[in-house]
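Structure at a glance
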Amino acid sequence: MKFSGFRVFAEALRGHKGWKPLWRDPAPQSEYDVIIVGGGGHGLATAFYLAEVHGIRKVAVLEKGWLGSGNIGRNTTIIRSNYLLPGNQPFYEFSMKLWEGLEQAINFNAMVSQRGILNLYHSDGQRDAYRRRGNAMHLTGAGAELLDQDAVRRMYPWLNFENARFPIKGGLLQRRAGTARHDGVAWGYARAADLRGVDIIQNCEVTGFRIENGRVQGVETNRGTIGAKKVGVAVAGSSSRVMAQAGLRLPIESHVLQAFVTEGLKPAIDGVITFGAGHFYVSQSDKGGLVFGGDIDGYNSYAQRGNLPVVEDVLEGGMALMPRIGRARLLRSWAGLMDMSMDGSPIIDRTPVDGLYLNAGWCYGGFKATPASGYAFAHLLATDTPHETATAYRLDRFARGYVIDEKGVGAQPNLH
Ligand SMILES: Cc1cc2nc3c(=O)[nH]c(=O)nc-3n(C[C@H](O)[C@H](O)[C@H](O)COP(=O)(O)OP(=O)(O)OC[C@H]3O[C@@H](n4cnc5c(N)ncnc54)[C@H](O)[C@@H]3O)c2cc1C
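On a predicted model such as this, the values are computed, not experimentally measured, just so you know.

Within the fold, Arg80 resides in the loop between β3 (78–79) and α3 (89–106). A relative accessible area of 13% places Arg80 in the buried class. Note: C-alpha distance between Arg80 and Ala369 (289 residues apart in sequence) is 8.8 Å. A polar contact is formed between the side chain of Arg80 and the side chain of Asn82, at a distance of 2.6 Å.

Below you can see the structure in the form of structure tokens.
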């Protein structure tokens, strides 16, 4: 079934009785060419690009819960490509270009909205750092504008410009950045992969790997053993636990990241704003809720819920930036499990086990990377060579000293 405006109109005329489930519910086969562990955004995108770009269709995505139950359905939906370093910026700009064509590629409304992101600066030193970042962004065509205080005031006159401690002096604006509906992205990739023959198997937890003579032969699951020529692991915050089943210890820590949404309000913020003097960022959802977040919880955890000290910290940041947020009522908060790498950048690489591949270390910025991550991981799985935009994302870079020391990724576990 192809989605289109005409289709919506036709279904409306016949009581919406013609819609079908977005993907099948197949039983696992005994053997696949490729198994992807993890039905989050990255796993589903990988399966889609394996089928679409490389013609590899005997693929299964194994998800221990329900599709979208992980971070793909928990994030604050921000997409951007405002990175600094050569190892990162081309990758995230590639992702942004894929976002720009995504809805046509997967024939699904993922509500990609290029409403812009504004990173505020509060000191001359921070302005200079943002100017450098903006110049790096121009090198890949990402686009960036350095705004002074007057320009920011024209956009958001109600921000707290006179804050004695953190006066707003200006901001770095990327107009092509914005938001996308996170669960729509998961559903869209799932449907598009399913249409190309990929088996999406929910409630199927990988509990071990079958490894013989240093080569992966398949996986053990709660639904039996499933054979595979290649296995790609994309389980985000569960990466250390899953890879430990293959005897590997990762340079990754798992932390909780919380997010918040207020009651629906009239249109107030038409883009994404990040506070530069504390950890707080905010946008407004299409339903009107202010969606915001901040720092990770400062200790390791596998619980998908956070604690009050960070709630207080995030709300303090919000009050410092925009005091009027204090009058909004908080509707709910939630949390996800972040796979924090030790340099804040991801890993897309082979592992010491032949046929076993790893996609991890997204810290709290992996949603924006979903299309490029899936594309690059599919490229690696299909060709055994890294995609040109992901050559720096090696698993051994920590041992070799080639870390990608990107400050723009936000919180890093080595700072806690
Ligand atoms: C509160 C919050 C806000 C965020 N905001 C942003 C943002 O604004 N912008 C941005 O770019 N990023 C953001 N992120 C980060 C982003 O969501 C993640 O980096 C990204 O979604 C991780 O990739 P994924 O979608 O594949 O992960 P997930 O959706 O977590 O997928 C991993 C899947 O693996 C499954 N799994 C785990 N173990 C097993 C097993 N043994 N067998 C089978 N399946 C298994 C899990 O159930 C899960 O569904 C945010 C994250 C959170 C939590």
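What follows covers the pattern of salt bridges. Opposite charge on two side chains permits them to pair, given that their charged atoms come into close proximity. This structure, assessed with the given rule, holds 21 salt bridges. Where Arg127 meets Asp124, a salt bridge forms, and the shortest distance between an N and an O atom there is 3.6 Å. Of this pair, Arg127 and Asp124 both sit in helix α4 (residues 124–139), separated by 3 residues, roughly a single helical turn. For Arg127, a relative accessible area of 26% translates into the label partly exposed. Between Asp183 and Arg181 there is a salt bridge, and its shortest N-O distance comes to 2.8 Å.

Before going further, it helps to examine the UniProt feature "domain: Rhodanese" (unreviewed entry) in the protein chain. Annotation from UniProt places "domain: Rhodanese" (unreviewed entry) at residues 34–78. Secondary structure over residues 34–78 splits into 31% helix and 20% strand, and the C-alpha atoms at its two ends are 30 Å apart.

The buried fraction of strand β11 (residues 224–233) is high, at 7 of 10 residues. Sheet analysis places strand β1 (residues 31–37) next to β11, joined by 6 bridges and oriented parallel. If you follow Glu31 over to β11, its bridge partner there is Gly227. In terms of strand pairing, strand β10 (residues 215–221) meets β11 through 4 bridges, oriented antiparallel. In the strand pairing of β11, Glu220 is matched with Thr225. Connecting the antiparallel pair β10 and β11 is a turn made up of 2 residues. Both β11 and strand β18 (residues 356–360) contribute to a ladder of 3 bridges, which runs parallel.

What counts, and where the lines are drawn
- Residues numbered from 1 in each chain as written.
- Predicted model: local features only at pLDDT ≥ 70, side-chain atom pairs only at ≥ 80, totals over all residues.
- Heavy atoms only, no water.
- Helix = DSSP H or I, 4+ residues; strand = E, 2+ residues; numbered from the N terminus.
- Buried < 20%, exposed > 50% of the residue type's maximum accessible area, 1.4 Å probe, protein only.
- Polar contact = N/O pair within 3.5 Å; in protein donor to acceptor, adjacent residues only side chain to side chain.
- Salt bridge = Lys/Arg side-chain N within 4 Å of Asp/Glu carboxyl O.
- UniProt positions renumbered as here; feature names shortened; annotations may be inferred.
- Pairing = 2+ DSSP bridges.

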